[in-house]
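Residues per chain, in single letters:
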Amino acid sequence: MDPIEALRRIAFLLEWRDASPYRVRAFHTAADAVRALPAGPVDEARARTLRGVGPVTAEVIAQASAGAVPAYLARLEEESGPAARAGWDLVTASRGDCHLHSDWSDGGSPIEVMAEAAGALGHRWAVLTDHSPRLTVAHGLGPDRLRLQLAAVAAVNARPGLRLLTGIECDILEDGSLDQEEELLDGLDVVVASVHSKLRSDPGPMTARMVAAVRDPHVDVLGHCTGRIITGRGRPQSRFDAREVFTACAESGTAVEINCRPERRDPPDDLLALAAEAGCLFAVDTDAHAPEQLRWQSTGYARAAKAGLGPDRLVTTWPLARLLEWTDHR
């Protein structure tokens, strides 16, 4: 067994069991560090020389590099059962991520760094979705800057490796229209539409706003639908008729995002179940603003598995050709 896979699988199983994020992060950190090792067996002492590798992760590395299933992994798999294995199958089926940010808006890393990090995780494609102009606090991209970014994405794609798709996280304005020129939206590969303002509107106007957006043929993914924040001071979820919104998504072929950010985990479990019942497609997205945040995707796949979703309903498991056929058709 490959040590990186073993460490990632352990991190996933810990997430599945709602372990501390710090424990989960330790295994992801070790998986990143293992890339510095040569192929072949590695003893625990050598593994311990890697930054961020402790006694437990060193033992996993040593056992996996020798071709064995690490004892720690075997125990977690036995305790977690077949449902967790189905969740891991979704993780390994992942092909891309529809929602990530760069330092062109409120991300912290250049476009090429985010693309390289996504490729290192095994993604075949990823979508750059920096913010639209109305979100000035996030340094959103007006039409001129977005055109410049399209050229920057083309330069990244001139190199071999992951295909970086053009996109945007577009604000849904109060009347349900989109915060970008229609001509530009026509030319993007993927459009994620999200509500970022007046999140405490009454349910009626918020429902109408969201339904109008998800029925817009430019919109491929409804981003973090409730807008909630569940850490720190928090923020309550928006009030809207979820059944009406998800029915509109299902009828329009617009995917509902399973946002993997720890402070969001949006939609909440009850609304995720409602969207699944409505027949929606889903995009398991990290909403990453830094390279290490791309690891969060496995959390979303765990939630998808618990909701009974298979790869056919998850656009982030689709090959590039199928994804683009879907967005072009819409």
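Only a predicted model underlies this, so the values are computations on that prediction, with no experimental measurement involved.

J.: Hey, could you go over the pairing of strand E3 (residues 190-194) for me, with residue numbers and the actual values?
T.: The buried fraction of E3 is high, at 5 of 5 residues. Neither face of E3 is exposed, since Val 190, Val 192 and Ser 194 on one face and Val 191 and Ala 193 on the opposite face are all buried. Two elements, strand E2 (residues 163-171) and E3, share 5 bridges in a ladder whose sense is parallel. In the sheet register, Glu 169 faces E3, and the bridge partner there is Val 192. Handedness of the crossover is the feature at issue here: the chain leaves E2, passes through helix H9 (residues 182-187), returns alongside E3, and the resulting connection is right-handed. Strand direction decides the pairing type here: E3 and strand E4 (residues 221-222), joined by 2 bridges, are parallel. Each bridged residue has a counterpart across the sheet, and for Ala 193 the counterpart in E4 is Leu 222. Following the backbone out of E3, through helix H10 (residues 203-214) and into the adjacent parallel E4, one traces a crossover that is right-handed.

J.: Explain the state of the cysteines to me, using residue names and the numbers behind them.
T.: In total, this model carries 0 disulfides according to the counting rule given. As a non-bridged cysteine, Cys 170 has Cys 98 as the owner of its nearest cysteine sulfur, 15 Å distant. Distance from the sulfur of Cys 249, which forms no disulfide, to the nearest cysteine sulfur (Cys 280) is 5.1 Å.

J.: Lay out the sheet that holds E4 with the relevant residues and their values.
T.: Backbone hydrogen bonds hold the strands of a sheet together, and the pairing may be parallel or antiparallel. Pairing within the open sheet is parallel, and its 6 strands lie in the order E1-E2-E3-E4-E5-E6. In this open sheet, the two edge strands, each paired with only one partner strand, are strand E1 (125-128) and strand E6 (282-285). Sheet analysis places strand E5 (residues 255-259) next to E6, joined by 4 bridges and oriented parallel. Following the sheet pairing, Val 256 is matched in E6 by Phe 282. The sheet contacts of helix H14 (residues 320-329) involve E1, E2, E3, E4 and E5, and relative to E2 the element is tilted by about 35°.

J.: Can you lay out the environment of Gln 149 for me, pointing to particular residues and giving the numbers?
T.: Positionally, Gln 149 belongs in helix H8 (residues 143-157). Expressed as a C-alpha distance, the spacing of Gln 149 and Ala 39, which sit 110 residues apart in the sequence, is 38 Å. Reaching out from Gln 149, the side chain makes a polar contact with the side chain of Asp 130 at a distance of 2.8 Å.

J.: So what about unusual backbone geometry? Which residues, and what values?
T.: Most peptide bonds take the trans form, and the phi angle of most residues other than glycine is negative. Across the junction of Asp 266 and Pro 267, the peptide omega takes the value 5°, indicating a cis bond. Looking at the secondary structure, you find Pro 267 in the loop between E5 and helix H12 (269-278). In this structure, His 139 is a non-glycine residue whose phi angle is positive, near 55°. Within the secondary structure layout, His 139 lies in the loop between E1 and H8.

J.: Please set out the side chain of Thr 286 residue by residue, giving values where relevant.
T.: Checked against the element boundaries, Thr 286 lands in the loop between E6 and helix H13 (297-306). A distance of 2.6 Å separates a polar atom in the side chain of Thr 286 from a polar atom in the side chain of Asp 97. Ignoring any residue separated from it by four or fewer positions in sequence, one finds Thr 286 in contact with Asp 97, His 99, Cys 260, Arg 261, Gln 293, Leu 294, Trp 296 and Gln 297.

J.: Quick rundown of the pattern of salt bridges? Include the residues and the values.
T.: Going through the model one piece at a time under the given rule, you end up with 18 salt bridges. Its salt-bridge partner being Asp 32, residue Arg 8 comes within 2.8 Å of it at the nearest N-O pair. Pair noted here: Arg 8 is in helix H1 (residues 3-16) and Asp 32 is in helix H2 (residues 21-34), with a separation of 24 residues, a long-range link. The buried category is assigned to Arg 8, whose relative accessible area is 12%. Residue Arg 17 is joined to Glu 79 by a salt bridge in which the shortest nitrogen-to-oxygen separation is 3.1 Å. One end of the pair, Arg 17, is in the loop between H1 and H2; the other, Glu 79, is in helix H5 (residues 71-80), and 62 residues separate them in sequence. When its relative accessible area of 39% is taken as the criterion, Arg 17 is described as partly exposed. Under the relative-accessibility criterion, Glu 79 is labelled partly exposed at 44%. Each member of the salt-bridge network shares a partner with another, and the members are Arg 8, Asp 32, Arg 35 and Arg 295.

J.: Account for the packing of aromatic side chains, naming residues and giving values.
T.: Going through the model one piece at a time under the given rule, you end up with 4 aromatic pairs. The interplanar angle of 45° and the centroid separation of 6.0 Å between the aromatic rings of Phe 12 and Trp 16 together place this pair among those described as tilted. In this pair, Phe 12 and Trp 16 both sit in helix H1, 4 residues apart, roughly one turn of the helix. Here the two residues Phe 12 and Trp 16 agree in accessibility, since each one is buried. Measuring from centroid to centroid gives 5.7 Å for Phe 12 and Trp 88, while their planes differ by 55°, and the two rings are tilted. Taken together, the residues Phe 12 in helix H1 and Trp 88 in helix H6 (residues 82-93) connect sequence positions 76 residues apart. By the burial criterion, Phe 12 is buried, and Trp 88 matches it. Three or more aromatic residues link up through ring pairs in this structure, and these residues are Phe 12, Trp 16 and Trp 88. One Lys or Arg, Lys 306, reaches over the ring of Trp 16 and ends 4.7 Å from the middle of that ring.

Cut-off values and rules
- Residues numbered from 1 in each chain as written.
- Predicted model: local features only at pLDDT ≥ 70, side-chain atom pairs only at ≥ 80, totals over all residues.
- Heavy atoms only, no water.
- Buried < 20%, exposed > 50% of the residue type's maximum accessible area, 1.4 Å probe, protein only.
- Helix = DSSP H or I, 4+ residues; strand = E, 2+ residues; numbered from the N terminus.
- Pairing = 2+ DSSP bridges.
- Right-handed = clockwise from strand over helix to strand, strands pointing away.
- Disulfide = S-S within 2.5 Å.
- Contact = heavy atoms within 4.5 Å.
- Axes fitted to C-alpha atoms, helices over the stretch in contact; angles between N-to-C directions.
- Polar contact = N/O pair within 3.5 Å; in protein donor to acceptor, adjacent residues only side chain to side chain.
- Salt bridge = Lys/Arg side-chain N within 4 Å of Asp/Glu carboxyl O.
- Phe/Tyr/Trp six-rings, centres within 6.5 Å; stacked < 30°, edge-to-face > 60°.
- Lys NZ or Arg CZ within 6 Å of the ring centre and 35° of its normal.

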